[in-house]
Amino acid sequence: MHELSIVTHVAKTLDEIAAENKLTKIGSVTLEIGEVSGIITDYFVDCWNYFRRKHPLLQETELKLETIEAVTFCEDCRKEYKTIEYGRICPYCHSEHTYLLQGNECNIKEIEAED
Amino acid sequence: MKVIELHRSVTESNDRDAEVLREELRQKGIFFVNLMSAAGSGKTTLLSRTIRDLKEEYRIAVLEADIEAEVDAQTIESLGARSIQVHTDGMCHMDAGMTRQGLEEMGLEGIDLAFLENIGNLICPAEFATGASRNVMILSVPEGDDKPLKYPLMFETSDVLLITKIDTLDYFDFSIEKCIERVRYLNPDIRIFAVSAKTGEGMKDWEDWLRSEITAWRA
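Here the structure is a predicted model, which means the values were calculated and not measured.

Here's the deal with the overall build of chain B
Next, step 1: Across its full length, chain B carries eight helices and eight strands.
Next, step 2: Relative to a compact globule of 219 residues, whose C-alpha radius of gyration would be 17 Å, chain B shows 17 Å and is just as compact.
Next, step 3: Structurally, chain B occupies a C-alpha span of about 65 × 40 × 40 Å along its principal axes.
Next, step 4: With 219 residues in all, chain B has 40% of them scored as buried.
Next, step 5: A separation threshold of at least 6 residues defines the contact pool for chain B, and within that pool the share at least 24 residues apart is 74%.

Digging into the interface of chain B and chain A
Next, step 1: With 19 residues of chain B at the interface, the matching set in chain A holds 22 residues.
Next, step 2: Going through the elements one at a time, strand 1 (2-9) and helix 1 (12-27) of chain B are the ones with two or more residues in the side of chain B that touches chain A.
Next, step 3: The leading source of residues in the side of chain B that touches chain A is strand 1 of chain B, at eight residues.
Next, step 4: Residues that form the side of chain B that touches chain A fall into these classes: nine nonpolar, seven polar and three charged.
Next, step 5: Bridge analysis of strand 6 (residues 106-114) of chain A against strand 1 of chain B gives six bridges, and the strand direction is antiparallel. Bridging from a neighbouring strand, alanine 113 of chain A pairs with lysine 2 of chain B of strand 1 of chain B.

Observations concerning helix 1 of chain B
Next, step 1: Taking 1.5 Å of rise per residue, the 16 residues of helix 1 of chain B would be expected to cover 22 Å, and the 23 Å separating its terminal C-alpha atoms lies within 8% of that figure.
Next, step 2: In this fold, the buried residues of helix 1 of chain B make contact with helix 1 (2-21) of chain A together with strand 2 (31-36) and helix 4 (96-106) of chain B.
Next, step 3: Just past helix 1 of chain B, the residue glycine 29 of chain B takes up positive phi, approximately 75°.

Observations concerning the nonpolar core
Next, step 1: Counting 56 residues, the largest nonpolar core has Val62, Ala114 and Leu162 of chain B as the members making the most contacts within it.
Next, step 2: Each residue touching leucine 162 of chain B, except ones within four places of it in the same chain, is listed here: Leu46, Val136, Ile138, Phe193, Val195 and Trp206 of chain B.
Next, step 3: Grouped together as the second largest cluster of nonpolar side chains are 18 residues, Ile17, Val29, Leu31 and Ile111 of chain A included.

Quick notes on helix 1 of chain A
Residues and elements named next belong to chain A.
Next, step 1: Across its 20 residues, helix 1 extends 29 Å between first and last C-alpha, which sits within 8% of the 28 Å expected from 1.5 Å per residue.
Next, step 2: Within helix 1 the residues assigned to the buried category are His2, Ser5, Ile6, Val7, His9, Val10, Thr13, Leu14 and Ile17.
Next, step 3: Where helix 1 terminates, the next one or two residues include lysine 22, which has phi positive at roughly 55°.

A few points about the sheet that holds strand 3 (residues 71-74) of chain A
Residue and element names in this part refer to chain A.
Next, step 1: Across the sheet, which stays open at both edges, the three strands sit in the order 4-3-5 with antiparallel pairing between neighbours. Pairing within the sheet leaves two strands with one partner each, and these edge strands are strand 4 (80-82) and strand 5 (98-102). Strand-to-strand twist of the sheet, defined as the mean angle between neighbouring strand axes without regard to direction, takes the value 40°.
Next, step 2: Pairing of strand 3 with strand 4, which is carried by three bridges, proceeds in the antiparallel orientation. In the sheet register, threonine 72 faces strand 4, and the bridge partner there is tyrosine 81.

Describing the packing of helix 1 of chain B against helix 4 of chain B
Residues and elements named next belong to chain B.
Next, step 1: The contact between helix 1 and helix 4 brings their axes to 8 Å, and the two run at 30°. Counted together, Asn14, Asp17, Ala18 and Leu21 of helix 1 and Ala96, Gly97, Thr99 and Arg100 of helix 4 form the full contact between these two elements.
Next, step 2: Of the residues that constitute the contact of helix 1 with helix 4, the class distribution is three nonpolar, three polar and two charged.

Quick notes on the packing of helix 1 of chain A against helix 2 (residues 41-52) of chain A
Relative placement of two packed helices is described by the angle separating their axes and the distance separating the axes.
All names here are of chain A.
Next, step 1: Packing of helix 1 against helix 2 leaves a shortest axis separation of 9 Å and a crossing angle of 55°. On the basis of the axis angle, helix 1 is oblique to helix 2. As helix 1 packs across helix 2, the resulting crossing turns out to be right-handed. Contact residues: helix 1 offers Glu3, Leu4, Val7, Thr8 and Ala11, while helix 2 offers Tyr43, Phe44, Cys47, Trp48 and Phe51.
Next, step 2: The residue makeup of the contact of helix 1 with helix 2, split by class, is eight nonpolar, one polar and one charged.

The rules we used
- Residues numbered from 1 in each chain as written.
- Chains lettered and ligands numbered in written order.
- Predicted model: local features only at pLDDT ≥ 70, side-chain atom pairs only at ≥ 80, totals over all residues.
- Helix = DSSP H or I, 4+ residues; strand = E, 2+ residues; numbered from the N terminus.
- Rg over C-alpha atoms; globule rule 2.2 N^0.38 Å.
- Buried ≥ 20, exposed ≤ 12 C-beta atoms within 10 Å, placed from the backbone.
- Contact = placed C-beta atoms within 7 Å.
- Nonpolar A, V, L, I, M, F, W, Y, C, P; charged D, E, K, R; others polar.
- Pairing = 2+ DSSP bridges.
- Expected span 1.5 Å × (residues − 1).
- Core = buried A, V, L, I, M, F, W, Y, C linked by C-beta atoms within 7 Å.
- Axes fitted to C-alpha atoms, helices over the stretch in contact; angles between N-to-C directions.
- Parallel < 35°, antiparallel > 145°, perpendicular 65-115°, else oblique.
- Left-handed = near helix turned anticlockwise from the far one by under 90°.

See below:
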């Protein structure tokens, strides 16, 4: 249950932010989730809906998810390509010397809140 | 309604908690190892052997994290180390908050060397910092030398890789050379020890590494 763990960490961060900004209610939270972050968004939404009911601050918080495309960079031919489609081997020069530029994120982008 | 832009990683607050815990333990002179591996790789066996070999030199404690059950803590206590079993209630990893709670409940007075036996899996524990001084992972020979390709993050975040159960190399198609090459590609700085907790082969190198790290940590 990786997704549930991440939900609890999101909740903890939002508790801190609510305390810092004296917020009583959070209308929505927008998360950016990378395509290869390992998070399954359907499970994540289920976990969110289960967890928020137990958490006073988040009872009415709408969850918005945005996807960050996974992009890999090839060190040999210096081209970028889509990670999901081609994996670790560069489709242009077939090199294995590649690394992920973006796509494994799980970020809290923004919240909408009332004072 | 107002919008507050955060752009903050979900693991950021845990990373902060982990840093605070790591520094507190350093102040107390405690070297704390986060031991991670898949289920069934032999974490408890390796720990048992390590404790037997080092218990005259250091006072050792083990935080046993499991989703359920108490068996590992009993095994460790029978060797003369302090131990506590933490149940994560379904969670697949330990985070810094859970680790702190477990350590405080167990008590660390007089301890020199503490281990966290993390939940057995190669994915989630790699993503959450615990406050450990060093991350150590185990890959046992029967699991196969292709695991660095499948679970890169675990190999990237570990300071040490223990290739264990090398007494079974004759029975599996496991190439230590190929494994090391794959791991070094992901993590050029990782220390690698090939050991068998059963026969004792290679254990001295791993234990010497622990000794020198403990000395450096306290300096």
